[in-house]
Amino acid sequence: MKITPSILNADLADLAGEVARVPSSDMIHFDVMDNHFVPNLTVGLPVVESLKKHTKIPIDVHLMIENADTWAPKYAEVGCESVTFHVEAAKAPIRLARELRKLGTRASMALKPATPIEPYADIISEFDMLLLMTVEPGFGGQSFLDSVLPKIRRTRELVQGTGQEIWIQVDGGISVDTIERAAEAGADVFVAGTAVYRAENPDQMVNDLRDLAISACNH
Ligand code: DX5
Ligand code: ZN
């Protein structure tokens, strides 16, 4: 059970300081948006490259960008430990996953809420993690979509069928009110932006969320 705080809702002018506030995190979730794949713009490659010099916590980059085939490997080259691209934005997801793994990073594929997992059932072994969005990507602070829960369950079954350890990450609206439902359905990596950075004690919230996920998990 891993908790990966999203910096989207942190103070972007003090990223190093914000990351230092959550030392119990398993990874830091770094949201990259290009104002094309999603209607919002954040930060990109030079910023993550700078941030890496300030923290030892692994970086889990989530690319909400077009041209994933061109850009994703560059994030692996600067040392991001996990690189997630959206399957809706990739021209050749298998080739890209293999390229990322060859560069020494964990390869991960993200699906928007309305994108089914079934068309990708035969290629999930190419990945170290599958990210199932539990809000429409683009903004922090949205409400968790319960309609994604059946897809989390089906994805857990597919992963079990591979016999491999493929993580299932959920992203969007994760809080003390929703994390148990997502964990019970089969998720094991949880992004939390607002819940962590709006908490009085962000690091305590990371540990509280992890405890809730562990107690709800039955897989
Ligand atoms: C949304 C981003 C998320 C976002 C999560 O498109 O991918 O990572 O920051 O924020 P919360 O936890 O507030 O929904
Ligand atoms: Zn994200």
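Preceding this paragraph is the structure being described.
Section: the overall build of the chain
The number of helices and strands found in the chain is 8 helices and 8 strands. In summary, the chain has a C-alpha radius of gyration of 16 Å against a globular reference of 17 Å for 219 residues, a match within 12%. Residues counted as buried form 55% of the 219 residues belonging to the chain. Sequence-distant contacts in the chain: of pairs separated by 6 or more residues, those separated by 24 or more amount to 64%. Total accessible area computed for the chain in this model is approximately 9,300 Å², and 49% of it derives from carbon and sulfur atoms. Of the side-chain charges in the chain, 20 are positive and 31 negative, and the distance between the mean point of each set is 5 Å.

So, the packing of helix H3 (residues 68-77) against helix H4 (residues 93-102)
Packing of H3 against H4 brings their axes to within 9 Å, and their N-to-C directions diverge by 15°. In terms of orientation, H3 and H4 fall into the roughly parallel class. In the crossing of H3 with H4, the sense of the turn from one axis to the other is right-handed. Of H4, the residues touching H3 (which contributes Ala68, Asp69, Ala72, Pro73 and Ala76) are Leu96, Glu99 and Leu100.

Topic: the pattern of salt bridges
Pairing is possible between side chains that carry opposite charge, provided their charged atoms lie close to one another. Overall, the coordinates contain 9 salt bridges when judged by the stated rule. Arg21 serves as the salt-bridge partner of Glu18, at 2.7 Å between the closest nitrogen and oxygen.

What to know about the site of ligand 1
Not every one of the 21 residues close to ligand 1 is listed here, only the nearest: Asp31, Gly138, Asp171, Gly193 and Thr194. Separating an oxygen atom of ligand 1 from a side-chain N or O atom of His62 is a distance of 3.3 Å. Between Asp171 and ligand 1, the recorded distance is 2.8 Å, taken from a side-chain N or O atom to an oxygen atom. Protein chains shield 99% of the accessible area of ligand 1, which is 380 Å² for the free molecule. Elements represented by at least two residues in the shell around ligand 1 include exactly strand E2 (28-33), strand E3 (59-64) and strand E8 (189-192).

The rules behind each value
- Residues numbered from 1 in each chain as written.
- Chains lettered and ligands numbered in written order.
- Predicted model: local features only at pLDDT ≥ 70, side-chain atom pairs only at ≥ 80, totals over all residues.
- Heavy atoms only, no water.
- Helix = DSSP H or I, 4+ residues; strand = E, 2+ residues; numbered from the N terminus.
- Rg over C-alpha atoms; globule rule 2.2 N^0.38 Å.
- Buried < 20%, exposed > 50% of the residue type's maximum accessible area, 1.4 Å probe, protein only.
- Contact = heavy atoms within 4.5 Å.
- Areas by Shrake-Rupley, 256 points an atom, 1.4 Å probe, with all protein chains shown as cover.
- Lys, Arg positive; Asp, Glu negative; His and termini not counted.
- Charge placed at Lys NZ, Arg CZ, Asp CG, Glu CD.
- Axes fitted to C-alpha atoms, helices over the stretch in contact; angles between N-to-C directions.
- Parallel < 35°, antiparallel > 145°, perpendicular 65-115°, else oblique.
- Left-handed = near helix turned anticlockwise from the far one by under 90°.
- Salt bridge = Lys/Arg side-chain N within 4 Å of Asp/Glu carboxyl O.
- Near = heavy atom within 4 Å.
- Polar contact = N/O pair within 3.5 Å; in protein donor to acceptor, adjacent residues only side chain to side chain.

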